[in-house]
Structures are given as structure tokens and as C-alpha cells.
Amino acid sequence: MLPVADLEINLLEFRQRAFQFERSAVYQGTEYAVFSRTETESESQFRPKLLHLTLVVPRAWVVYDEANDLLALARDGSTVPPRRTEPVVEIRAERPEFTEQDIEWKRASGPGGVLVYAPAESAANLLKPEGFAALGFA
């Protein structure tokens, strides 16, 4: 498992976007790394809204991709997945369930309108009020 210092100084690439480490949290016996990003909803809108995106992933799944100098996600905690380039779509145009880095994901709205990504296998526990509270969402 990567030390917190390594998480803090590197960006994690997810959905063709860069996420920054925010904190660790333990919920139901699993330590999770919480990454975040803020972006505008759409540059084409007259008054675009800010979107706050959060990625919650078991900390053991975060690996360092030395060749690309960034963090990646690997279910086994060691094998860096192949890097794929896909077109970036606006968040609201994305499906709420998808596959990224060979992991099934779900996206849901959290407290305060934050959009939270979580692995599908743990989403039922994480993407509910008790999970949000344990992960540090206000």
C-alpha cells in the first residue's frame, strides 16, 4: 500500500481527469482513499455551475504508475492497468454505471450535491447516508 505522502504529491487519473488525494477514511473495516476534483459543468453554458467530483476507492487498490508519473487503480494492488485514451464527456452526459480501469463503478449524488464515484461492489454500502458520513462528507 502506498504511503499517504505518495498519495498527496501525485495525481490519480480517472475518467480522463486528474483527481487529487484529499483524505483516508475507514468504513466497515476497509480503508478508503478519497480523491476530489472541481470543474465547471459546461463551458458552453452562460453561467456554468461548479461540479465537485469525489472518487472513493479502497486504498489498497491505488498504485503508482511510474511510466506515466501518476496514480492508477488496480484491484490486485500491484498490476498497473493499461492506459486507455477515450474522449472526455461532460459529467452529466456520463452513464451512472460504467467500467474504468477494469473495475465496475457507480456514480451518485452525495451531500451538498457532490458527485461520488465508488466501486460497484461496495457502492450499496458507501453511497448511502451512513457511508457518506463515515467517509467525511458533511
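Refer to the structure presented above.
Only a predicted model underlies this, so the values are computations on that prediction, with no experimental measurement involved.

Visitor: A description of the pairing of strand E2 (residues 17-27) should follow, citing residues and the corresponding values.
Guide: Bridging between strand E1 (residues 11-14) and E2 involves 4 bridges; their strand directions are antiparallel. Along E2, the bridge assignment pairs Phe14 with Arg17. Linkage of E1 to E2, two consecutive antiparallel strands, is achieved through a turn of 2 residues, within which Arg15 is found at a positive phi near 60°. As judged from the 7 bridges shared by E2 and strand E3 (residues 30-40), these two strands associate in the antiparallel manner. Its bridge partner being in E3, Phe21 is matched across the sheet by Phe35. What sits between the antiparallel neighbours E2 and E3 is a turn of 2 residues, in which Gln28 has the positive phi angle 50°.

Visitor: I'd like a rundown of the nonpolar core, residues and numbers included.
Guide: Within the largest apolar cluster, 22 residues are counted, with the highest numbers of intra-cluster contacts made by Phe35, Leu55, Val62, Leu73, Trp105 and Tyr117. Looking at this core, the elements with two or more residues in it are E1, E2, E3, strand E4 (50-58), strand E6 (70-73), strand E8 (103-109) and strand E9 (115-119). Of all the elements, E4 adds the most residues to this core, at 4 residues. Setting aside residues up to four positions removed in sequence, Val62 forms contacts with Leu2, Leu7, Ala33, Phe35, Val57, Leu71, Ala72 and Leu73. Core analysis: the second largest hydrophobic core is formed by 13 residues, Ala25, Tyr32, Phe132 and Leu135 among them.

Visitor: Go over the pattern of salt bridges with me, naming the residues and quoting the values.
Guide: For the structure shown, the criterion picks out 10 salt bridges. For Glu94, the salt bridge identified is with Arg15, shortest N-O distance 3.2 Å. Within this pair, whereas Glu94 is found in the loop between E6 and strand E7 (97-100), its partner Arg15 is found in the loop between E1 and E2, the two being separated by 79 residues in sequence. On the basis of relative accessible area, Arg15 is assigned to the buried category, the value being 15%. Each of Arg15, Arg17, Arg37, Glu39, Glu94, Glu100 and Arg107 takes part in salt bridges that share partners, so that together they form one network.

Visitor: So, unusual backbone geometry: which residues are in play, and what are the values?
Guide: Residues other than glycine seldom take positive phi values, yet Gln16 does so here, at roughly 65°. Tracing the chain through its elements places Gln16 in the loop between E1 and E2. Here Gln101, not a glycine, exhibits a phi torsion of approximately 50°, which is positive. Inspection of the secondary structure assignment puts Gln101 in the loop between E7 and E8.

Visitor: For the packing of aromatic side chains, give the residues involved together with the corresponding values.
Guide: Any pair of aromatic rings gets described here by the distance separating the centres and the angle formed by the planes. One pass over the full model with this rule turns up 8 aromatic pairs. Both rings, one in Phe14 and one in Phe98, keep their centres 6.1 Å apart while their planes meet at 55°; by these two values the pair is tilted. Placement of Phe14 in strand E1 and of Phe98 in strand E7 is noted, with a sequence separation of 84 residues between them. Its relative accessible area of 4% is what places Phe98 among the buried residues. Ring geometry for Phe14 versus Trp105: centroids 4.8 Å apart, planes at 70°, classification edge-to-face. You can see Phe14 sitting in strand E1 and its partner Trp105 sitting in strand E8, a full 91 residues away along the chain. Comparing Phe14 with Trp105, the two get one shared label, buried. A cation sits over an aromatic face here: Arg15 above Phe98, 3.9 Å from the ring centre.

The rules we used
- Residues numbered from 1 in each chain as written.
- Predicted model: local features only at pLDDT ≥ 70, side-chain atom pairs only at ≥ 80, totals over all residues.
- Heavy atoms only, no water.
- Pairing = 2+ DSSP bridges.
- Helix = DSSP H or I, 4+ residues; strand = E, 2+ residues; numbered from the N terminus.
- Core = buried A, V, L, I, M, F, W, Y, C linked by side-chain atoms within 4.5 Å.
- Buried < 20%, exposed > 50% of the residue type's maximum accessible area, 1.4 Å probe, protein only.
- Contact = heavy atoms within 4.5 Å.
- Salt bridge = Lys/Arg side-chain N within 4 Å of Asp/Glu carboxyl O.
- Phe/Tyr/Trp six-rings, centres within 6.5 Å; stacked < 30°, edge-to-face > 60°.
- Lys NZ or Arg CZ within 6 Å of the ring centre and 35° of its normal.

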